[in-house]
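Single-letter residue listing:
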Amino acid sequence: MINAAADDIRTTTPGIPDRIAVVVSEVLAPAVLVAVLLLTVGWHAGETPGVSRWWGLPGALFAAVIPLGYVLHGVRKGHLTNHHIPERAARRIPLLFGTASLVAGLLLLLALGAPREVLALLTTGGVGLAIFALVTHWWKMSIHAGVASGTVAALTVIYGAIALAGVPLVLLGCWARVRLTAHTPAQVVVGALVGAVIAGTVFPALR
């Protein structure tokens, strides 16, 4: 009886790979990457004389902090399972809210005279959110993968090939989402490709 109970504990307790996957999913979460990317791009835009290096901060507020706050509020109220929103049907409203928050931030920063690079990144994020929200109506394309690959693509536009050193992190993030059965391999692959294409085309065209 004791042995049977021990076997049951071993089979239900998450192993080391699962724990690593959880940590990776949190560290490479969309809100985290979006905030870091906006701060980085804002800092880069500040290399121009007379331009503040902190324009990415309000951008991160509207593109990452406010949307994440909305999701966490939904979790506290019991409307959402957790902040990763595993149920496809539950993702549409938070994605639309995130898009609205981002657009509001974009309009505000535009009125305040934010640097073109930050505005271009916010616009790119809005395009990405709209596309992912549309696809999510039918299929659970991985937002984690899309934001991770889009982050690397945007940084490559700014800093060149050296930013491609972040590709292994994208692959690690994709592995984590599949390992946790949050997505299928196809969902992370397509998500990563879509994110990279959007960031690699829209962002350089607008900056």
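Definitions and cut-offs
Residues numbered from 1 in each chain as written. Predicted model: local features only at pLDDT ≥ 70, side-chain atom pairs only at ≥ 80, totals over all residues. Heavy atoms only, no water. Helix = DSSP H or I, 4+ residues; strand = E, 2+ residues; numbered from the N terminus. Contact = heavy atoms within 4.5 Å. Salt bridge = Lys/Arg side-chain N within 4 Å of Asp/Glu carboxyl O. Buried < 20%, exposed > 50% of the residue type's maximum accessible area, 1.4 Å probe, protein only. Axes fitted to C-alpha atoms, helices over the stretch in contact; angles between N-to-C directions. Parallel < 35°, antiparallel > 145°, perpendicular 65-115°, else oblique. Nonpolar A, V, L, I, M, F, W, Y, C, P; charged D, E, K, R; others polar. Phe/Tyr/Trp six-rings, centres within 6.5 Å; stacked < 30°, edge-to-face > 60°.

Here Gln 187 lies in helix 9 (residues 185-206). Once you skip the residues sitting within four places of it in the chain, Gln 187 turns out to touch Trp 139, Lys 140, Met 141, Ser 142 and Ala 182.

For the rest of this paragraph, the subject is the pattern of salt bridges. In the structure shown here, the tally under the stated rule is 2 salt bridges. Salt-bridge contacts for Arg 179 lead to Asp 18; the nearest nitrogen and oxygen are separated by 2.8 Å. With Arg 179 in helix 8 (residues 167-179) and Asp 18 in helix 2 (residues 16-27), the pair connects residues that are 161 residues apart, well separated along the chain. Given a relative accessible area of 38%, Arg 179 falls into the partly exposed group.

Between two packed helices, both the angle of their axes relative to each other and the distance between the axes serve to describe the pair. Between helix 7 (residues 143-159) and helix 8, the shortest axis-to-axis distance is 9 Å and the interhelical angle comes to 180°. Here helix 7 is positioned roughly antiparallel relative to helix 8, judged by the angle of their axes. When helix 7 is examined against helix 8, the residues His 144, Ala 145, Ala 148, Ser 149 and Val 152 are found in contact with a partner set consisting of Val 167, Val 170, Cys 174 and Arg 177. Per-class residue counts for the contact of helix 7 with helix 8 are 6 nonpolar, 2 polar and 1 charged.

Turning our attention to the packing of aromatic side chains. One pass over the full model with this rule turns up 2 aromatic pairs. Here Trp 43 and Trp 54 contribute two aromatic rings whose centre-to-centre distance is 5.3 Å and whose plane-to-plane angle is 75°, an arrangement assigned as edge-to-face. Here Trp 54 lies in the loop between helix 3 (30-45) and helix 4 (56-76) and Trp 43 lies in helix 3, a separation of 11 residues in the sequence. For Trp 43, a relative accessible area of 41% translates into the label partly exposed. Since its relative accessible area comes to 53%, Trp 54 is described here as exposed. Seen in terms of ring centroids, Tyr 70 and Phe 97 are 4.0 Å apart; in terms of plane orientation they differ by 10°. Their pairing is stacked. Residue Tyr 70 is located in helix 4, and its partner Phe 97 is located in helix 5 (residues 92-112); the two are separated by 27 residues in the primary sequence. Since its relative accessible area comes to 29%, Phe 97 is described here as partly exposed.

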